[in-house]
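# Structural overview for review
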2 protein chains.
Amino acid sequence: MAKGLTPRSENYSQWYNELVVKADLAETSAVRGCMVIKPYGYAIWEKMQRALDDMFKETGHVNAYFPLLIPKSFLSREAEHVEGFAKECAVVTHHRLKNDPNGKGVVVDPDAKLEEELIIRPTSETIIWNTYKNWISSYRDLPILCNQWANVMRWEMRTRLFLRTAEFLWQEGHTAHATREEAEAEAQKMLRVYADFAENWMAVPVVKGVKSANERFAGALDTYTIEALMQDGKALQSGTSHFLGQNFAKAFDVQFVNKENKLEYVWATSWGVSTRLMGALIMSHSDDNGLVLPPKLAPIQVVIVPIYKKAEELAAIAEKANALAADLKALGISVKFDDNDQKKPGWKFAEYELKGVPVRVAMGPRDLENGEAEIARRDTLTKEQMPFEGLAQRIKALLDDIQANIFKKALDYRDSMITKVDTYEEFKKVLVEKGGFISAHWDGTTETEEKIKEETKATIRCIPLDSVPEEGKCIYTGKPSHQRALFAISY
Amino acid sequence: MAKGLTPRSENYSQWYNELVVKADLAETSAVRGCMVIKPYGYAIWEKMQRALDDMFKETGHVNAYFPLLIPKSFLSREAEHVEGFAKECAVVTHHRLKNDPNGKGVVVDPDAKLEEELIIRPTSETIIWNTYKNWISSYRDLPILCNQWANVMRWEMRTRLFLRTAEFLWQEGHTAHATREEAEAEAQKMLRVYADFAENWMAVPVVKGVKSANERFAGALDTYTIEALMQDGKALQSGTSHFLGQNFAKAFDVQFVNKENKLEYVWATSWGVSTRLMGALIMSHSDDNGLVLPPKLAPIQVVIVPIYKKAEELAAIAEKANALAADLKALGISVKFDDNDQKKPGWKFAEYELKGVPVRVAMGPRDLENGEAEIARRDTLTKEQMPFEGLAQRIKALLDDIQANIFKKALDYRDSMITKVDTYEEFKKVLVEKGGFISAHWDGTTETEEKIKEETKATIRCIPLDSVPEEGKCIYTGKPSHQRALFAISY
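Residues numbered from 1 in each chain as written. Chains lettered and ligands numbered in written order. Predicted model: local features only at pLDDT ≥ 70, side-chain atom pairs only at ≥ 80, totals over all residues. Heavy atoms only, no water.

Attention shifts here to the relation of the copies chain B and chain A. With an RMSD of 0.0 Å, the operation that places chain B on chain A is a rotation of 180° combined with a shift of 0.0 Å along the axis. In short, the pair behaves as if placed about a two-fold rotation axis. For chain B, the residue whose C-alpha comes nearest the rotation axis is Val92 of chain B, separated from it by 2.1 Å. Both copies share a contact surface, since 100% of the interface residues of chain B are interface residues in chain A too. (Least-squares fit on C-alpha atoms with pLDDT ≥ 70 in both. Contact = heavy atoms within 4.5 Å.)

The next subject is the sheet that holds strand E20 (residues 383-387) of chain B. All names here are of chain B. What the five strands build is an open sheet, ordered E17-E16-E18-E19-E20; its pairing is mixed. A single partner strand is all that each edge strand has here, and the edge strands are strand E17 (335-337) and E20. Neighbour-to-neighbour, the strand axes of this sheet turn through a mean angle of 25°, independent of strand direction. Across five bridges, strand E19 (residues 372-377) lies against E20 in antiparallel orientation. (Pairing = 2+ DSSP bridges. Helix = DSSP H or I, 4+ residues; strand = E, 2+ residues; numbered from the N terminus. Axes fitted to C-alpha atoms, helices over the stretch in contact; angles between N-to-C directions.)

With that out of the way, let us pick up the sheet that holds strand E22 (residues 437-441) of chain B. All names here are of chain B. If you trace the eleven strands from one edge of the open sheet to the other, you get E3-E8-E9-E15-E12-E11-E10-E23-E26-E22-E21, paired in mixed fashion. If you trace the sheet from one side to the other, it starts and ends with strand E3 (62-63) and strand E21 (418-420), each paired once. The pairing of E3 with strand E8 (residues 144-153) spans two bridges and is parallel. Following the sheet pairing, Val62 is matched in E8 by Cys146. In the packing of helix H8 (residues 276-285) onto the sheet, contacts are made with strand E11 (222-229), strand E12 (235-245) and strand E15 (267-274), and the angle to E12 comes to roughly 145°.

As a further point, take the interface of chain B and chain A. In this complex, chain B contributes 67 residues to the contact, which on the side of chain A involves 67 residues. Broken down residue by residue, the surface that chain B buries against chain A is led by Tyr65, His95 and Leu97 of chain B, which jointly contribute 12%. The interface formed by chain B and chain A holds four salt bridges in total. Its salt-bridge partner being Glu88 of chain B, residue Arg96 of chain A comes within 2.9 Å of it at the nearest N-O pair. The interface formed by chain B and chain A contains 32 residue pairs in polar contact (both at pLDDT 80 or more). The greatest single-element share of the side of chain B that touches chain A, amounting to twelve residues, is contributed by strand E5 (residues 88-99) of chain B. Residue classes in the side of chain B that touches chain A are distributed as 39 nonpolar, twelve polar and 16 charged. As judged from the five bridges shared by strand E5 (residues 88-99) of chain A and E5 of chain B, these two strands associate in the antiparallel manner. Bridge pairing in E5 of chain B places Val92 of chain A opposite Val92 of chain B. (Buried area = accessible area lost by both parts, 1.4 Å probe. Salt bridge = Lys/Arg side-chain N within 4 Å of Asp/Glu carboxyl O. Polar contact = N/O pair within 3.5 Å; in protein donor to acceptor, adjacent residues only side chain to side chain. Nonpolar A, V, L, I, M, F, W, Y, C, P; charged D, E, K, R; others polar.)

Now for helix H12 (residues 391-416) of chain A. End to end, H12 of chain A covers 36 Å across 26 residues, agreeing with the expected 38 Å (1.5 Å per residue, within 8%). Along H12 of chain A, the positions that sit buried rather than exposed are Leu391, Ala392, Ile395, Leu398, Leu399, Ile402, Gln403, Ile406, Ala410 and Arg414 of chain A. (Expected span 1.5 Å × (residues − 1). Buried < 20%, exposed > 50% of the residue type's maximum accessible area, 1.4 Å probe, protein only.)

All names here are of chain B. The element strand E9 (residues 167-177) is extensively covered by neighbouring structure, given that eleven of its eleven residues are classed as buried. Of the two faces of E9, the one carrying Glu167, Leu169, Gln171, Gly173, Thr175 and His177 and the one carrying Phe168, Trp170, Glu172, His174 and Ala176 are both buried. When E8 meets E9, the two strands line up antiparallel, connected through ten bridges. Note on E9: the bridge partner recorded for Leu145 is Thr175. Pairing between E9 and E15: eight bridges, direction antiparallel.

Turning our eyes to something else, we now look at the environment of Glu125 of chain B. Residue and element names in this part refer to chain B. Position of Glu125 among the secondary structure elements: in helix H5 (residues 125-135). Judged by relative accessible area, which is 2%, Glu125 ranks as buried. When the C-alpha atoms of Glu125 and Glu83 are compared, they prove to be 14 Å apart, with 42 residues separating the residues in sequence. For Glu125, the contacting residues outside a window of four places in its chain are His81, His174, Phe217, Leu244, Phe248 and Ser270. In terms of polar contacts, Glu125 uses its side chain to reach the side chain of Thr123, at 2.7 Å.

This part takes up the packing of aromatic side chains. All names here are of chain B. Scanning the model with the defined rule gives 32 aromatic pairs over all chains in all. Residues Tyr12 and Trp15 carry aromatic rings whose centres are separated by 4.9 Å and whose planes lie at 35° to one another, so their mutual orientation is tilted. Here Tyr12 pairs with Trp15, and both are found in helix H1 (residues 12-22), just three residues apart, close to one helical turn. Each member of the pair, Tyr12 together with Trp15, is buried. Ring geometry for Phe66 versus Trp135: centroids 6.1 Å apart, planes at 40°, classification tilted. (Phe/Tyr/Trp six-rings, centres within 6.5 Å; stacked < 30°, edge-to-face > 60°.)

Residue and element names in this part refer to chain A. Every buried residue belonging to helix H13 (residues 424-433) is among Tyr424, Phe427, Val430 and Leu431, and all of these are buried. Down the axis of H13, the buried set is contained in an arc of 125°. They therefore lie on one face. Exposed residues lying more than 90 degrees from the buried face of H13 are Glu425, Val432 and Glu433. The secondary structure elements touched by the buried residues of H13 are strand E21 (418-420), strand E22 (437-441), helix H14 (446-456) and strand E26 (484-488). A positive phi of about 75° marks Gly435, the residue just after H13. (Arc of directions from axis to C-beta.)

As structure tokens, then:
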């Protein structure tokens with residue numbers, strides 16, 4: 001286990017907090033609730049961004065940029081939205097500082113009070129729909145398929161790096177459509193894009209589902225979600241896609257002339273994932289030795305560590321290592337040859353384990369004599385001697401295998417943690433003793449949902465999209481139910 | 001000339017404002033001074049970002065992310081910095097809104113006043129050096145070579161799209177070094193990276209130089225700059241790189257143990273370019289028909305427009321067009337086949353000229369019969385028939401030629417607009433009658449510089465790095481001078 005890293009079994013939450021800092025992913029800043037994303041953490045986020053951005057573009061979306069600040073009055077336009085987002089937020093009230101007449105430093109200039117306060121965007125539906133009003137007049141202007149990569153701010157009281165921070169980075173897609181059907185299809189399509197990304201890039205299995213009314217985005221008619229399960233049996237909402245109906249079009253008076261030459265309100269979706277995905281990534285795969293990263297998102301996919309005593313030995317190893325590095329780069333694999341003379345191999349082994357580098361190649365004089373190297377994989381912590389001949393190709397195959405393996409491991413775990421229950425007693429027992437997702441009948445009311453939450457802290461994560469209709473009785477009220485919902489304690 | 005676009009000769013400023021909007025690059029928003037960057041404009045910015053980011057990484061830099069908000073007191077730590085940046089800025093004073101007890105909507109909750117006000121970053125030296133304090137203790141921790149892509153905000157009174165907006169997008173590099181020499185070399189290296197990008201990607205020739213004391217960044221010991229010349233003879237500062245000495249290290253108490261085991265303050269640089277580059281790009285090349293984009297930054301490099309009357313004709317053209325598009329894509333060229341039936345070819349020609357698409361291919365039934373197509377280049381507005389055989393390769397060469405040609409055109413113009421003068425009379429005459437850069441002797445004092453600015457509005461843009469020492473007399477005071485400075489009216 002990594003030096004100074006609390007084991008997961010001892011305190012999962014502390015393990016997470018320590019790992020984020022020790023692996024150089026992020027740290028807290030001088031500004032309450034705002035994080036610094038360190039270069040190694042940001043490199044992972046950049047890989048996520050690139051992959052997602054490519055997927056958005058393949059599905060016909062374009063990027064744009066909208067203002068950071070939102071006039072206070074905009075938030076009040078959509079009744080539910082203001083309840084959800086206007087409360088805990090950063091409010092800009094002045095636009096100037098001046099030298100403190102009574103001392104050192106600067107103070108707010110009372111003469112520079114804004115006529116209307118501005119809010120740092122907690123999400124951008126309002127400012128974007130106010131903009132779309134000028135872009136849309138006819139069905140020919142539709143659809144609009146915009147995305148933006150941006151920072152947003154929600155004044156959270158209790159924050160945790162990546163999982164819940166006042167400022168975070170995200171992307172928010174905002175689309176406008178001529179028909180309800182098209183908008184609903186878009187919201188579902190983007191949910192599939194998110195699920196595809198989570199499973200095939202992050203190696204994190206997710207349940208695709210729809211939220212209960214109670215858990216919907218403020219202003220949405222339907223919120224779709226991907227829900228992942230962390231190693232401690234708690235669920236993490238990892239991405240959401242909202243069918244907004246005509247709510248924002250009505251709030252900002254965005255109408256268009258349809259093909260029948262009639263005025264109609266525009267249909268909308270919005271969808272987003274954020275740096276919270278970093279939390280999902282970390283908690284899905286990592287272990288007591290540190291990070292375990294899926295090769296597709298690892299900033300360094302292969303590290304080569306030389307084992308030597310004399311300078312001549314290093315020279316011989318470096319020749320082999322550089323040749324291997326060149327071969328790997330030619331295959332599109334990122335590689336680092338760590339010939340830092342100040343650190344011992346043992347220190348490097350632990351360091352790259354902590355950082356989650358998927359494959360480690362170690363080479364000593366004897367390996368060179370034998371024409372081979374020691375290859376260690378981070379996911380299983382196993383080692384194997386492999387000949388230099390064809391080594392780059394072998395490592396490429398190994399990286400694919402690691403990507404598949406950590407997904408399978410996470411999937412097997414997740415599947416083992418979905419428990420069907422038919423009574424409330426069973427529900428509470430499973431929740432305490434096992435955790436994970438609990439599949440149970442529910443009468444469909446917010447009242448029941450909230451009572452279960454009050455009594456057990458479990459919430460409805462979603463009604464899975466692939467669930468089959470099934471007649472049953474609500475575990476709480478005994479009223480008839482037509483399908484199961486997925487409950488869990490969540491982050 | 002494009003419909004409704006004011007000619008440059010009539011009103012250059014109005015031409016620019018109209019072009020930015022008509023070409024779908026950006027527009028003003030509901031928030032004073034903040035712009036919406038529209039998808040077409042953002043696509044150009046993304047190409048700039050990608051190219052710059054690759055260059056930063058090639059020179060050893062990594063990306064990171066630091067908080068949007070800066071505690072007010074941080075700004076006061078560096079005496080000059082606070083004068084330069086703490087005055088016109090967005091001040092966050094509260095963290096909550098509540099329902100208006102006296103009516104509709106929401107109001108600021110007076111109970112949610114922050115203990116210390118937070119400023120939306122106008123630049124990030126202070127928050128970053130406060131962070132670096134925890135990252136640096138030994139020379140082994142140096143250098144730190146971080147960059148961040150971010151939004152920043154400066155409360156500008158008079159704003160213009162891209163050129164001067166309250167919120168803008170940029171990158172800011174912040175590096176920390178063990179020696180003065182290394183930091184100075186870094187500041188100059190990044191200036192060369194900027195110049196390389198401006199000339200080889202944007203096709204904008206720039207003068208590399210150092211700012212006079214008066215025009216330095218607030219807190220810098222030296223500010224290096226790249227200065228471009230717009231078609232109206234005004235200069236545009238396009239990127240700056242600052243040698244910050246130990247000012248920020250001292251302000252935030254960032255010391256390290258050097259190789260001699262002594263405590264020393266860390267040496268710093270910072271450097272940035274912003275969405276202002278979009279303004280430089282537009283004003284360097286575009287004409288009365290609209291945008292002229294360098295092929296390397298054009299979102300659409302080639303557009304194919306079919307000329308047809310009957311559906312069968314379109315089908316035959318589409319077959320050829322799709323084959324050409326596939327060939328072009330295989331060569332890494334972005335292409336759009338515009339078979340929109342709702343618009344006439346003439347409308348499309350004007351539209352893609354307005355949007356600055358470098359190469360237009362038109363194909364009609366007769367062209368197909370002759371086995372050729374009409375190729376039009378945006379930069380020279382010339383047309384030529386070319387055979388289908390080998391057309392994609394020919395277009396690839398043509399794009400290279402356009403990139404080179406618009407750079408040469410801009411360079412010839414810029415070179416013709418650098419005028420050496422030796423008297424103040426001449427200086428004022430050239431400024432009024434010709435504009436452009438004026439190379440003149442100056443006595444090196446801020447006093448003289450400010451008097452010249454007051455009387456003529458011209459400022460010292462820089463002392464060019466490649467200028468040769470030359471004895472002369474200051475045009476204003478007649479005092480001895482050892483080198484010429486470059487003056488201009490600037491944006």
